[in-house]
Amino acid sequence: MERHLACTVDEMGKGTSRTLDGDVPVALFRSDEGEFYATADSCTHEQWSLGEDSDLEGDEILCPLHMARFDVRTGRPLCFPATIALQTYAVEIEDGKVYVIR
Ligand code: FES
């Protein structure tokens, strides 16, 4: 596990997400409250980039392709058609920079 610089806090507005490239792409989310979360980028139902296109509603990621929902904190699937959890990653904030541990 290594700490990877993702962006600065100021580069991500509240309520936004982005995809971080890598061997396994990661979706980085910033909630409306300003908290950062990181999960696997691809929806576990089919292939869909959650960092590129999803909605974060409270603690729930909504995949727009077939409307699966996941808990952004744990990756747990919350409704059909998703049955497999998303991998989650720790996020650390230091000196205005956002790091993902993976
Ligand atoms: S690909 Fe996400 S719900 Fe089907």
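Relevant structure appears above.
Remember, it's a predicted structure, so these values are computed and weren't measured experimentally.

A. Expanded view of the sheet that holds strand E5 (residues 55–57). One open sheet accounts for three strands, arranged E5-E6-E7; its pairing is antiparallel. Edge positions in the sheet fall to E5 and strand E7 (69–71), since each has one partner strand and no second. Sheet twist, expressed as the average angle between the axes of neighbouring strands with direction ignored, equals 30°. The sheet contact formed by E5 and strand E6 (residues 60–62) spans three bridges and is antiparallel.

B. Fine view of the sheet that holds strand E2 (residues 16–20). Spatial strand order, E1-E9-E8-E4-E3-E2: six strands in an open sheet with antiparallel pairing. The sheet terminates laterally at strand E1 (3–8) and E2, the two strands that pair on one side only. Between one strand axis and the next, the sheet turns by 30° as a mean value, whatever way the strands run.

C. Quick look at the pairing of strand E4 (residues 36–40). Burial analysis of E4 places five of its five residues in the buried class, which makes it a mostly covered element. With five bridges joining them, strand E3 (residues 26–30) and E4 adopt antiparallel strand pairing. Pairing of Phe29 across the sheet is with Tyr37, part of E4. Two successive antiparallel strands, E3 and E4, enclose a turn made up of five residues, where Gly34 displays a positive phi of approximately 95°. Here E4 runs beside strand E8 (residues 88–94); their pairing, made up of two bridges, is antiparallel. Each residue of the ladder has a partner; that of Ala38, found in E8, is Tyr89.

D. Structural detail: unusual backbone geometry. The omega torsion across Phe80 and Pro81 is 10°, close enough to zero to call that bond cis. The phi torsion at Met67 lies on the positive side, around 70°, for a residue other than glycine. Note on placement: Met67 falls in the loop between E6 and E7. Residue classification places Met67 among the partly exposed positions, given a relative accessible area of 47%.

Cut-offs applied
- Every chain begins its residue count from 1, and numbering advances along the sequence as written.
- It should be noted that, the model being predicted, local features are given only for residues of pLDDT at least 70 and side-chain atom pairs only at 80 or more, the latter also being counted only at that level, while totals for whole chains, interfaces and linings use all residues.
- Side-chain calculation: all heavy atoms of the structure are included, whereas hydrogens and water are not.
- Note: two strands are recorded as paired if DSSP finds a minimum of 2 bridges between them.
- The helix and strand labels rest on DSSP assignments: H or I over at least four residues marks a helix, E over at least two residues marks a strand, and numbering proceeds from the N terminus.
- Lines fitted to C-alpha atoms define the axes, with helix axes restricted to the stretch in contact, and inter-axis angles between N-to-C directions lie between 0 and 180 degrees.
- Note on exposure labels: buried denotes an accessible area under 20% of the residue type's maximum, exposed denotes more than 50%, and partly exposed covers the range between, all computed with a 1.4 Å probe on protein chains only.

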